[in-house]
Amino acid sequence: MTDDVQTEPVESVESVNDRETAIDWSKAQEGVRLLLEAVGEDPESAELQETWQRRVPGAFETLTEGSRLEEKPELRTFEASGNNFVVKTGIPVYSLCERHLLPYFGTATVAYRPDGDVVGLSKLSRYVRWQSRQLTMQEQLTQNIAHGLSDEVGAEAVLVEISATHLCEAMRGVETQTETVTRAVAGEPTEEERQRFNEASN
């Protein structure tokens, strides 16, 4: 025989109520509080009160920005002097596995052939960061970046590669730290462009 467990909604702290939030803070606070209780912790302890009241909800508000269009960076374009292939390497990627809610992280290489217009190089990094901030799988994230950039900048060809380490592998399961590499292509890159991309991403 087990005791019935009763929970009451957790009230948001005043500082949260005073501003608009992109996620439901009350639900986030209640969820984190229940999770702490589930693993045998005391949410009311001095060490953990801020964890469920502010820190975790605030972190998830930031880490899910990619699911909100209003957070998307503006990709202003300017006229290109030609249609030279653009390659940017070493773009940081930090995302959350939708299966385990654990992070995966690594780097992305993005390349595109402009169709008359180019976008600032820093905007490529911001766009990758925005797409990464959501619950997703690496394969889907790679596709989203490639096809999203193709639509945003009207590029004739886009290639994206992500190499990442998944903490759901390293911290649980097989408990090994490996790298997973995924690629996506939008449009029709030439063989020469594919070769340049391969050389840049290796």
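Right above here is the structure, for reference.
Residues numbered from 1 in each chain as written. Predicted model: local features only at pLDDT ≥ 70, side-chain atom pairs only at ≥ 80, totals over all residues. Heavy atoms only, no water.

Visitor: Hey, could you run me through the pattern of salt bridges in this one?
Guide: A side chain with one charge may pair with a side chain of the opposite charge, provided their charged atoms come close. Applying the stated criterion to the full structure yields nine salt bridges. Here E44 makes a salt bridge to R33, at a shortest N to O gap of 2.4 Å. Note that E44 is positioned in the loop between α2 (25-38) and α3 (49-63) and R33 in helix α2, a separation of eleven residues in sequence. The exposure class assigned to E44 is partly exposed, which follows from its relative accessible area of 37%. Two residues, R113 and E156, come together in a salt bridge whose shortest N-O distance is 2.9 Å. (Salt bridge = Lys/Arg side-chain N within 4 Å of Asp/Glu carboxyl O. Helix = DSSP H or I, 4+ residues; strand = E, 2+ residues; numbered from the N terminus. Buried < 20%, exposed > 50% of the residue type's maximum accessible area, 1.4 Å probe, protein only.)

Visitor: Would you mind showing me how to read the pairing of strand β6 (residues 157-166) here?
Guide: Regular strands have side chains that alternate between both faces of the sheet. For β6, the tally of buried residues reaches ten of ten residues, placing the bulk of the element in the interior. The two faces of β6 match: A157, L159, E161, S163 and T165 on one face and V158, V160, I162, A164 and H166 on the other face are all buried. In this structure, strand β3 (residues 103-113) lies alongside β6, joined through ten bridges in antiparallel fashion. Paired with V110 across the strands is V160, a residue of β6. (Pairing = 2+ DSSP bridges.)

Visitor: I would appreciate a short explanation of helix α4 (residues 121-132) in the present structure.
Guide: The α-helix winds at 3.6 residues per turn, so residues separated by three or four positions along the chain end up facing the same way. Between its first and last C-alpha, α4 extends 17 Å over twelve residues, near the 16 Å set by a 1.5 Å rise per residue. Among all positions of α4, only L124, Y127, V128, W130, Q131 and S132 are buried. Each element contacted by the buried residues of α4 is listed here: β2 (86-97), β3, β4 (117-119) and α5 (138-153). (Expected span 1.5 Å × (residues − 1). Contact = heavy atoms within 4.5 Å.)

Visitor: Whenever I open this one, the sheet that holds strand β7 (residues 180-187) confuses me. Can you help?
Guide: Where strands meet in a sheet, backbone hydrogen bonds hold them as pairs that are either parallel or antiparallel. Strand order in this open sheet of five strands is β5-β2-β3-β6-β7, and the pairing throughout is mixed. For this open sheet the edge positions go to β5 (135-136) and β7, each flanked by a neighbour on one side alone. Where β2 lies against β5, two bridges are found, and the strand directions are parallel. Note on β5: the bridge partner recorded for C97 is T136. The sheet contacts of helix α7 (residues 191-201) involve β2, β3, β6 and β7, and relative to β6 the element is tilted by about 25 degrees. (Axes fitted to C-alpha atoms, helices over the stretch in contact; angles between N-to-C directions.)

Visitor: Looking at this structure, how should I read the nonpolar core?
Guide: Nonpolar side chains tend toward joint burial in soluble globular proteins. Counting residues in hydrophobic clusters, the biggest one holds 29 residues, and the most contacted among them are Y112, I145, L149 and V158. Breaking this core down by element, the ones donating at least two residues are β2, β3, β4, α4, α5, β6 and β7. (Core = buried A, V, L, I, M, F, W, Y, C linked by side-chain atoms within 4.5 Å.)

Visitor: When you look at the environment of R54 in this model, what are you seeing that I'm missing?
Guide: Looking at the element boundaries, R54 is found in helix α3. Distance from R54 to N83, taken between C-alpha atoms, is 48 Å for residues 29 residues apart in sequence.

Visitor: Help me understand unusual backbone geometry, please; the structure alone is not making it clear to me.
Guide: Phi is positive for L101, close to 55 degrees, though the residue is something other than glycine. Along the chain, L101 falls in the loop between β2 and β3. With a phi angle near 55 degrees, E175 is a residue other than glycine that sits in the positive phi range. Among the secondary structure elements, E175 is positioned in the loop between α6 (167-170) and β7.

Visitor: It is not clear to me how the packing of aromatic side chains should be interpreted in this structure. Could you clarify?
Guide: Aromatic rings in a pair are described by how distant their centres are and how their planes are angled relative to each other. Following the criterion strictly, the structure yields one aromatic pair and no others. Taking 5.7 Å as the distance between ring centres and 45 degrees as the angle between the ring planes, the aromatic pair formed by Y127 and W130 counts as tilted. Linking Y127 with W130, this pair stays in helix α4, spanning three residues, or about one helical turn. When the ring centre of W52 is taken as reference, the NZ or CZ atom of R33 above it lies at 4.9 Å. (Phe/Tyr/Trp six-rings, centres within 6.5 Å; stacked < 30°, edge-to-face > 60°. Lys NZ or Arg CZ within 6 Å of the ring centre and 35° of its normal.)

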